[in-house]
Amino acid sequence: MGTGHSKDEGPRRVGFLRKGPKLPAWEDALLSGKEPKSLLKRGLRYISLSLIMKGMTSTPDFLWGLPEVQKLNLSRNRLVAIPPALGKLDRLVVLNLGGNCLKSLPKEIGLLRNLKVLFVNMNCLSEVPAELSLCRKLEVLSLSHNCISQLPLSFADLTSLRKLNLSNNRFGQIPLCIFTLRSLDFLHLGSNRLENIAESIQYLVSLQIFIVESNNIRTLPRSLCFLTSLELLNVDYNAIQTLPDDLYLLRRLPRIAWNPMDKGLHVAHNPLTRPLPEVIDGGLDVLFSYLREKKEHH
C-alpha cells in the first residue's frame, strides 16, 4: 500500500512541475480557481482590471481573453515585455504600465484606437514605436523616467494630446513634432539635456504649464513670451543669465514662485546677471516693470 502511494505521488509532482512555467505561482494565486472575468470591476465609467504590485515578470495569458477591459493597471511589477496580444484589448481607454522594466512597446499598441490615457513612466525605454501615433484619441501621455532621446515624426498626428510628460529622459532638444501639438496645455521636459528652447515654442498656443527645470538652457526665446495662456513657467536650475524683455506679456503668471507646486514664474538657481536677482526679490510686478522699462529704453 505504501509503495502504491508513492507511485501515486510521483506523477503528480512531475505534472505540477510541468505545469509551473505555464501558470506561475502568482497567477495561480491570483485566479485561485476563479474565472478570470471575476477579477474585472465594473465602475460607473469603465470596466477595469488592476494587477498592481503582483511581482509579475510576464503578463498573464488570461489577460488577452478579456477584450471588454477598458482600464488596465499593470504598474509596479517587473514586466520586461508586453506581447503583441495587447492589440486585442482594443476597448482600452486607460493603460498604466508605469514602474516596470520595459525596454520597448509592441507596435500593436497602435491598435488601441480608443486609448485616451497612457502611462509608461519609470521603465527602460530608449525609443517609442511610431505606431503609437495611430492612437488618435490619446489625451494624456507620460514617458517620464526612461532613456528616450527622440520621438518619431509621426507623433505630430496625436492632435488630441493635452498633457505630455517627457521629464527625466535624454532629450538634447525639444522634438520638432511636439510643436505641431496645438492642444497641449501641459508639457514637462524637466531633467533632460536641453540647451535651448526653439522659437517654434510659440505654436503651442494652448500651453498653460511648461516645465524645463534642471536642464542646460542658457537663454529663453522671445517667442516664449507669446504663450499668453501660461500660468506656470518653470526654468529653475538652468544656465540662464538674462530674461527676455517681453516676459511681461505673460500676464497669467500670478507670482514669482518658489514652491514647485505653485503656479507662477520659477526662475531660481540660475546665474542671473545683476540687477535681476534683486529685482526678482521684489516680486513679479517689479520684475515686469523693470523689463518693460528696459525695452522702452532700447
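Structure: see above.
Not measured: the values here are computed from a predicted model.

A. Representation of the overall build of the protein chain. A count of helical and extended segments in the protein chain gives four helices and 11 strands. Here the protein chain has a C-alpha radius of gyration of 25 Å; the compact-globule value for 298 residues is 19 Å, and the former is much larger. Referenced to the eigenvectors of the C-alpha coordinate spread, the extents of the protein chain come out at roughly 105 × 35 × 35 Å. Looking at the protein chain residue by residue over its 298 residues, the buried ones come to 48%. A separation threshold of at least 6 residues defines the contact pool for the protein chain, and within that pool the share at least 24 residues apart is 32%. For the protein chain, the exposed surface amounts to about 15500 Å²; the carbon and sulfur share of it is 52%. Charge separation in the protein chain, taken as the distance between the mean sites of 38 positive and 27 negative side-chain charges, equals 8 Å.

B. The sheet that holds strand E5 (residues 117-119), seen in detail. Across the sheet, which stays open at both edges, the 11 strands sit in the order E1-E2-E3-E4-E5-E6-E7-E8-E9-E10-E11 with mixed pairing between neighbours. Taken across any chain shown, the strands that pair with only one partner, and hence form the sheet edges, are strand E1 (41-42) and strand E11 (264-266). In this sheet, strand E4 (residues 94-96) lies alongside strand E3 (residues 71-73) in parallel orientation, the contact comprising three bridges. Looking at E4, one finds that Lys71 is bridged to Val94.

C. Here's a closer look at helix H4 (residues 284-297). For H4, built from 14 residues, the straight-helix expectation of 20 Å at 1.5 Å per residue is met to within 8% by its first-to-last C-alpha distance of 20 Å. Those residues of H4 lying buried are Leu284, Leu287, Phe288 and Leu291. An end-on view of H4 places all buried positions within 95° of arc, on one side of the element. In H4, those exposed residues whose orientation departs by more than 90 degrees from the buried face are Asp285, Glu296 and His297. The elements touched by buried residues of H4 are E11 and helix H3 (276-281).

D. Seen up close, the packing of aromatic side chains. Counting across every chain of the model gives zero aromatic pairs. Arg292 extends its terminal NZ or CZ atom over the ring of Tyr248, reaching a point 4.7 Å from the ring centre.

E. A look at the pattern of salt bridges. In total, this model carries 11 salt bridges according to the counting rule given. Between Glu68 and Lys37 there is a salt bridge whose closest N-O contact spans 2.8 Å. Of this pair, Glu68 sits in the loop between strand E2 (47-50) and E3 while Lys37 sits in the loop between helix H2 (25-31) and E1, and the two are 31 residues apart along the sequence. Judged by relative accessible area, Lys37 falls into the partly exposed class, the value being 45%. Across the pair Lys294 and Asp245 runs a salt bridge whose closest N-O atoms are separated by 3.2 Å. Of the two residues, Lys294 is situated in helix H4 and Asp245 in the loop between strand E10 (232-234) and E11; the sequence distance between them amounts to 49 residues. Residue classification places Lys294 among the partly exposed positions, given a relative accessible area of 26%. Residue classification places Asp245 among the buried positions, given a relative accessible area of 17%. Each of Glu139, Arg162, Lys163 and Asp185 takes part in a single network of salt bridges with overlapping partners.

F. Looking closely at the side chain of Asn123. Relative to the assigned elements, Asn123 resides in the loop between E5 and strand E6 (140-142). In this structure the side chain of Asn123 is engaged in a polar contact, spanning 3.3 Å, whose partner is the backbone nitrogen of Asn100. At 3.0 Å, the side chain of Asn123 and the backbone nitrogen of Leu102 are in polar contact. Those residues in contact with Asn123 that sit more than four places away from it in its chain are Leu97, Gly98, Gly99, Asn100, Cys101, Leu102, His145 and Asn146.

G. Spatial organisation of the nonpolar core. Grouped together as the largest cluster of nonpolar side chains are 85 residues, with contacts concentrated most on Leu151, Phe210, Leu243 and Leu287. Counting residues per element, the ones that place at least two in this core are H2, E2, H3 and H4. Broken down by element, the residue count for this core peaks at four residues, all from H4. Among residues more than four places away in sequence, those in contact with Leu243 are Leu220, Val267, Leu272, Leu276, Ile280, Leu287, Leu291 and Lys294. Counting five residues, the second-largest nonpolar core is a separate cluster that includes Tyr46, Val93, Val117 and Val140.

H. Focus on the pairing of E2. Judged by which residues are buried, E2 turns out to be one-sided: Ile47 and Leu49 face inward and are buried, whereas Ser48 and Ser50, on the alternate face, are not. In this sheet, E2 lies alongside E1 in antiparallel orientation, the contact comprising two bridges. Note that in E2 the partner of Arg42 across the bridge is Ile47. Between E1 and E2, which pair antiparallel and follow one another directly, the connecting turn spans four residues.

Quick notes on the rules
- Every chain is numbered on its own, with residues counted from 1 as its sequence reads.
- Confidence filtering applies because this is a predicted model: local features only for residues at pLDDT of at least 70, side-chain atom pairs given and counted only at 80 or more, and all residues used for totals across whole chains, interfaces and linings.
- Values shown for side chains rest on all heavy atoms present in the structure; no hydrogens or waters enter the calculation.
- Segments assigned H or I by DSSP are reported as helices when at least four residues long, segments assigned E as strands when at least two residues long, and all are numbered from the N terminus.
- As defined in this context, the radius of gyration uses C-alpha atoms, and a globule is described by 2.2 Å times the residue total to the power 0.38.
- Three exposure classes are used, based on accessible area relative to the maximum for each residue type with a 1.4 Å probe and protein chains only: buried under 20%, partly exposed in between, and exposed over 50%.
- Contact between two residues is taken to exist if any of their heavy atoms lie within 4.5 Å; hydrogens are not considered.
- Shrake-Rupley sampling with a 1.4 Å probe provides the accessible areas, and residues are treated as covered by the protein chains on show and by no other component.
- Positive charges are assigned to Lys and Arg, negative charges to Asp and Glu, while His and the chain termini are left out of the count.
- A charge is said to be at NZ when it belongs to Lys, at CZ for Arg, at CG for Asp and at CD for Glu.
- By the convention used here, strands pair only if DSSP detects at least 2 bridges between them.
- One less than the number of residues in a helix, times 1.5 Å, gives the span that helix is expected to have.
- The directions considered for the arc run from the helix axis to the C-beta atoms.
- Aromatic rings from Phe, Tyr and Trp, with only the six-membered ring used for Trp, were paired whenever their centres fell within 6.5 Å, and each pair was classed as stacked if the ring planes differed by under 30 degrees, edge-to-face if by over 60, and tilted otherwise.
- We call a charge positioned over a ring when the NZ of a Lys or the CZ of an Arg lies within 6 Å of the ring centre and within 35 degrees of the ring normal.
- Salt bridge criterion: a side-chain nitrogen from Lys or Arg within 4 Å of a carboxyl oxygen from Asp or Glu.
- In the analysis that follows, any N or O atom pair within 3.5 Å is treated as a polar contact, provided that within protein one partner can donate a hydrogen and the other can accept it, and provided that, for residues neighboring in sequence, both atoms belong to side chains.
- In these notes, a set of buried Ala, Val, Leu, Ile, Met, Phe, Trp, Tyr and Cys residues joined through side-chain atoms within 4.5 Å is what counts as a nonpolar core.

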